[in-house]
Amino acid sequence: MATSTRNAAGSRGVVTPEPIEDFERERVFGLFRQFGYLEAELNPLGLLPPQPHPDLQIDSESAREARRIYCGSVGAEFMHIADPERRRWIQERMEGDPGAIDRERALDLLIRADLFEQTLQQRYLGNKRFSLEGNTSLLPAVDEILDVAGEHGALELVMGMSHRGRLNVIIHVAKRPAEQVFAEFEDVDPRSVLGSGDVKYHIGATGEYVTKSGKKIHIHLASNPSHLEAVDPVTVGRTRAKQDRSGEGGRAKYLPLLVHGDAAFAGQGITAETLNYADLAGYTVGGTIHVIVNNLLGFTTNAREEHSSRFSAQLARRQGVPIFHVNGEDVDAVMRMARLAAEYRYKFGSDVVVDLIGYRRHGHSEVDDPTVTQPLMYKAIKEHRPLFEIYAKEIGAENVTEEAAVIKSEFEAAQKAAAQVTKKPLLRELPGYWGSYFGGRYKADYERPTGVEREELGALTARLTTYPGGFHIHPKVKKLLEQRAEMGAGKKPLDYGMAEALAFASLVKQGIPVRLSGQDSRRATFNQRHSVLVDTENESEYVPLSHIADGQAPCQIYNSPLSEAGVMGFEYGYSRDYPEALVLWEAQFGDFANVAQAVIDQFVSAGEDKWGLLSGLVLLLPHGYEGQGPEHSSARIERFLQLAARDNFQICQPSNAAQYFHLLRRQALRNWRKPLVVFTPKSMLRNPDALSPLEELTHQRFLPVLPDDEAQDVKRILICTGKIGHELRAERERRKDMSTAIVFLEQMYPFPEAEIAAEFERHSGARDIVWVQEEPSNMGALFYMLPRLKRIAEDKPVLSVKRSGSASPATGSAKAHEVEQKTILALAFTTQG
Ligand SMILES: Cc1ncc(C[n+]2csc(CCOP(=O)(O)OP(=O)(O)O)c2C)c(N)n1
Ligand SMILES: [Mg+2]
């Protein structure tokens, strides 16, 4: 039960006894604050009947008063919040004066929302549009949110939403001219979008909104795939990037708003993943406002089939954030709650949920007949007037018919105009910071030198391997830093860990921010990074990468929550609004990335093709067959190669430390912004054959193919990628067979055809060309390589060595793995066509 302010004084030792009637009133109010939302009248069609709670069956003046507040059109769920200050704040706002409401403005928005949909319905019958009708009070709600945001100095609303009401939002929130949306329904010249582009209810939009107090706020509605809720982490990541780049006060300036469907909010795990990082240092945006456009339906599925909780919104309860359920047809209550939610976000920097409960006037899309699955609900909906008519009557508005006629004719004029104009495919403008970056097809002149002078490497090493006096370093880390110091001084060859540290250090010194997140990324899965030093006496932290030079760019390395889709989506979003930065997401083992497959498919690989939007995100995916079983061996090279087309991303496997160094620097230093998938090492991290002399960091660049200039009189060329190449080299040594050349393919995509051809040319005496991979025949790069190698080899036979086809990526037995691996190595040197 909530404590009254007078009771709180008791904790200071001054106990003031409560008068009995106050105490009873407080007790009754406490119960209603806690359970009142269950008995609230939340659905315009009466489809969510109050659920009587035994503790609320009280007949008293206080109970009637509390019931009026807590069981009306608003169900406030907030007593699960642990912080008494937050509870008290909500309670005071719920029980206090509701404040003034601009009803005329709300009515205008409601009329526009309905008439826009009606115009679409009349003109483009049978076209999907995912109408907002039944939940049109979303517009006055957003209007209130923006007003509060404006008062707090917001510059931009970063918005993510799916299909429902999106076209309405594009016009009435993002303020695109209605003609542009109507034009999307008109016939287009199909040749302009063959094989690319996206449907109209997925593409993003930007515009300027003027709040009711006259503040201008930029609106950025993010492009969105069909995959429900996948845009949530992307929107939050984008917001964080915008906040980070704006520095001080960023949390107030950029406000994220996610609009969800009720079925998707409850059902999609990525929503839970996104909510989960709301308060974590690496991911917080100072609170996201969530609005659920709740029609108690998901396609043809009823609410009672969607979630085990009474409300879809209750997923958010674990977080201790308030949930305001509100009857979507009590427009005044909707506006009050939207305002309250926005104020709460600004006051406490917390997420907050508004559950806007209405209905869906038509089928899921306008081509579905909902009377088949929800006959009674749709009978009630058919008899239900549009909200603007109900609201106009309620507030006694005059001239509604005339106003509606004017708005209707505006939309009709816009529709006619749209039929005349040619479609403008882009509904949005890119932020200025994208000015010097570009995508499109690869050109060699995009390359930049990536080498770093030896002296500079020495200076960076000094910063990377030292820590403040008095810092209690762990003996293992001390040893690692000592070894790194020798590597940086050229006394020892470099390993991947040091190469990466030098790459990051050189970049931040050059003013390029680095952001890396993943599970255990600070130390790293294989103990190879140690980017954060932890004092053994007091656990204080020292991050050498943040002490490289005065005026350096930030280097942020975060341990992420145990989530793939949510975190990868976030980092993709971050990269979209921070093109200057090197943004990396790391998998613990490469195959865990498949939990984020929707983010890879829908954003990372296809974002440019669908929306013309770019990202330089790097995915670090540990890969390699080391006898650790089915799930720790393969990062699923085959899946990435299958997604590759038209230079949409880069797929690389650097086989030594220097290659990794140049690859990371290349990604940041070029202005060509493309996602980069890196298959990263595990045992190769410490394989002496994969170490690099310091000189290779100074002059060389990333080589898409590592030639073999040790082999002589070559009879056979083995082509491979990654770790197996080092094993083949060891095997060659054992066999003393220098007539076999071993060529490492470091970049699988875009395919370095000329470089491979040059290797074939160099060893033109070779009879056999053999692709060697560790993966089974139905996995790895085999399907991709064979036709390409055959094309280059012309009339020479191209053979392949691989594991037999297998449903699971690798054996569970370490011994069986070794037998298989030995067989591959033997066959590589002996197989004949
Ligand atoms: C991940 C995913 N699964 C399935 C679908 C197919 N789908 C599209 S809309 C929809 C129903 C969504 O219901 P809700 O979230 O309540 O939104 P509403 O359409 O009711 O506004 C479904 C199942 C999808 N788009 N994405
Ligand atoms: Mg729904």
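Residues numbered from 1 in each chain as written. Chains lettered and ligands numbered in written order. Predicted model: local features only at pLDDT ≥ 70, side-chain atom pairs only at ≥ 80, totals over all residues. Heavy atoms only, no water.

1. Regarding the coordination of the magnesium ion (ligand 2)
Within the first shell, the magnesium ion (ligand 2) binds the protein through Asp262 (OD), Asn295 (OD1) and Leu297 (O), at distances of 1.9 to 2.1 Å. Of note, the magnesium ion (ligand 2) draws all its donor residues from one chain, in the sequence arrangement D-x32-N-x1-L. Of the two residues, aspartate 262 sits in helix H11 (residues 262-267) while asparagine 295 sits in the loop between strand S6 (289-294) and strand S7 (297-298), which places them 33 residues apart along the sequence. The burial state of aspartate 262 is the same as that of asparagine 295; both residues are buried. (Donors = N, O, S within 2.8 Å, 3.2 Å for Na, K, Ca; no water. Helix = DSSP H or I, 4+ residues; strand = E, 2+ residues; numbered from the N terminus. Buried < 20%, exposed > 50% of the residue type's maximum accessible area, 1.4 Å probe, protein only.)

2. Things to note about the pattern of salt bridges
If you walk through the whole model with that rule in mind, you get 52 salt bridges. Overlapping salt bridges, with partners in common, bring together Arg93, Glu144, Asp147, Glu151, Lys212, Arg339 and Glu343 in one network. (Salt bridge = Lys/Arg side-chain N within 4 Å of Asp/Glu carboxyl O.)

3. Notes on the nonpolar core
The biggest cluster of nonpolar side chains holds 91 residues, and the ones touching the most others in it are Met94, Met159, Val173, Phe182 and Leu257. A per-element tally of this core places helix H14 (residues 331-348) first, with 12 residues. Discounting chain neighbours no more than four positions away, the residues touching leucine 257 are Val142, Ile145, Leu157, Val158, Met159, Gly160, Ile289 and Val291. The next biggest cluster of nonpolar side chains, apart from the first, holds 68 residues, and it includes Val285, Tyr558, Tyr572 and Ile637. (Core = buried A, V, L, I, M, F, W, Y, C linked by side-chain atoms within 4.5 Å. Contact = heavy atoms within 4.5 Å.)

4. Details of the pairing of strand S14 (residues 555-559)
Within S14, four of the five residues are buried, which leaves the element mostly enclosed by the surrounding structure. Bridging between strand S11 (residues 514-518) and S14 involves five bridges; their strand directions are parallel. If you follow serine 517 over to S14, its bridge partner there is tyrosine 558. (Pairing = 2+ DSSP bridges.)

5. A word on the environment of arginine 105
The topology assignment puts arginine 105 in helix H5 (residues 103-123). Ignoring any residue separated from it by four or fewer positions in sequence, one finds arginine 105 in contact with Asp143, Tyr209, Val210, Thr211 and Lys212.

6. A closer look at empty space enclosed by the protein
Throughout the structure, instances matching the rule amount to 11 cavities of 30 Å³ or more. Of the voids in this model, the largest cavity is the one considered here, and its volume is about 100 Å³. Lining the largest cavity are Leu464, Arg484, Gly497, Glu500, Ala501, Phe504, Arg529, His530, Ser531, Pro544 and Leu545. The element contributing the most residues to the lining of the largest cavity is helix H20 (residues 496-509), with four residues. For the lining of the largest cavity, the class distribution of residues is five nonpolar, three polar and three charged. One number sums up the size of the second largest cavity: a volume of about 90 Å³. In terms of residue count, H20 provides more of the lining of the second largest cavity than any other element does, three residues in total. Its residues assigned to classes, the lining of the second largest cavity comprises five nonpolar, three polar and three charged. (1 Å grid on protein atoms, 1.4 Å probe; cavity = no way out; pocket = protein on both sides within 12 Å on 5 of 7 lines; lining within 4 Å. Points joined across faces, edges and corners; volume = space filled by probe spheres on them. Nonpolar A, V, L, I, M, F, W, Y, C, P; charged D, E, K, R; others polar.)

7. Concerning the packing of H5 against helix H17 (residues 400-420)
Put simply, H5 and H17 touch, their axes get as near as 9 Å, and they point 45° apart. By the criterion of interaxial angle, the relationship of H5 to H17 is oblique. Considering only the axes of H5 and H17, their crossing is right-handed. Within the contact between the two elements, H5 uses Leu107, Asp108, Ile111, Arg112, Leu115, Phe116, Thr119, Gln122 and Arg123 and H17 uses Val400, Glu403, Ala404, Ile407, Lys408, Glu410, Phe411, Glu412 and Gln415. Of the residues in the contact of H5 with H17, the class split is eight nonpolar, three polar and seven charged. (Axes fitted to C-alpha atoms, helices over the stretch in contact; angles between N-to-C directions. Parallel < 35°, antiparallel > 145°, perpendicular 65-115°, else oblique. Left-handed = near helix turned anticlockwise from the far one by under 90°.)

8. Quick notes on the site of ligand 1
Surrounding ligand 1, one finds 15 residues, the nearest of these being His163, Arg164, Asp262, Ala263 and Leu297. A distance of 3.2 Å is found between a nitrogen atom of ligand 1 and a backbone nitrogen or oxygen belonging to leucine 228. Leucine 297 has a polar backbone atom sitting 2.8 Å from an oxygen atom of ligand 1. Across the complex, the protein chains shield 75% of the 580 Å² of accessible surface that ligand 1 would expose by itself. (Near = heavy atom within 4 Å. Polar contact = N/O pair within 3.5 Å; in protein donor to acceptor, adjacent residues only side chain to side chain. Areas by Shrake-Rupley, 256 points an atom, 1.4 Å probe, with all protein chains shown as cover.)

9. So, helix H15 (residues 375-382)
The complete set of buried residues in H15 reads Met377, Tyr378 and Ile381. Down the axis of H15, the buried side of the element spans an arc of 90°, and every buried residue falls inside it. Looking at H15, the residues exposed on the side facing more than 90 degrees away from the buried face are Leu376, Lys379 and Lys382. Taken together, the buried residues of H15 touch S7. (Arc of directions from axis to C-beta.)

10. Quick notes on the sheet that holds S14
Within the open sheet, the seven strands sit side by side as S14-S11-S15-S16-S18-S17-S22. Their pairing is mixed. Whereas interior strands pair on both sides, the edge strands pair on one side only; in this sheet they are S14 and strand S22 (747-749). Ignoring strand direction, the axes of neighbouring strands in this sheet form an average angle of 20°. Two elements, strand S15 (residues 582-586) and strand S16 (residues 618-622), share three bridges in a ladder whose sense is parallel. Across the sheet, the residue bridging to glutamate 586 is leucine 620, located in S16. Sitting on the sheet, H20 is in contact with S11, S14, S15 and S16, with an inclination near 140° to S11.

11. Considering the confidence of the model for the protein
Here the protein averages 95 in pLDDT, and 97% of its residues register 70 or above. Below a pLDDT of 50 lies the segment residues 1-11, which in the model reaches 17 contacts outside its immediate sequence neighbourhood of four places, other chains included. (pLDDT = per-residue confidence, 0-100.)

12. Section: unusual backbone geometry
The peptide bond linking tyrosine 749 to proline 750 adopts the cis configuration, its omega dihedral lying at -10°. You can see proline 750 is positioned in the loop between S22 and helix H28 (753-762). Not every positive phi belongs to a glycine, and asparagine 527 is a case in point at roughly 65°. For asparagine 527, the position within the fold is in the loop between S11 and strand S12 (533-534). Residue classification places asparagine 527 among the partly exposed positions, given a relative accessible area of 34%.

13. Quick notes on the state of the cysteines
For the structure on display, the rule yields zero disulfides. Cysteine cysteine 652 remains unbridged, with the sulfur of cysteine 720 as its closest cysteine sulfur at 15 Å. What makes cysteine 720 buried here is its relative accessible area of 0%. (Disulfide = S-S within 2.5 Å.)

14. Some details on the pairing of strand S21 (residues 740-745)
Residues in a regular strand project their side chains so that they alternate between the two faces of the sheet. Among the six residues that make up S21, six are buried, leaving the element largely enclosed by the rest of the structure. Judged by which residues are buried, S21 turns out to be covered on both faces: Thr740, Ile742 and Phe744 on one side and Ala741, Val743 and Leu745 on the other are all buried. Where strand S19 (residues 705-706) meets S21, two bridges bridge the pair, whose relative direction is antiparallel. In the strand pairing of S21, leucine 706 is matched with phenylalanine 744. For strand S20 (residues 716-720) and S21, the ladder comprises five bridges, and the chain directions are parallel. Paired with isoleucine 719 across the bridge in S21 is valine 743. In this view, the connection linking S20 to its parallel neighbour S21 by way of helix H27 (residues 723-735) has right-handed handedness. (Right-handed = clockwise from strand over helix to strand, strands pointing away.)

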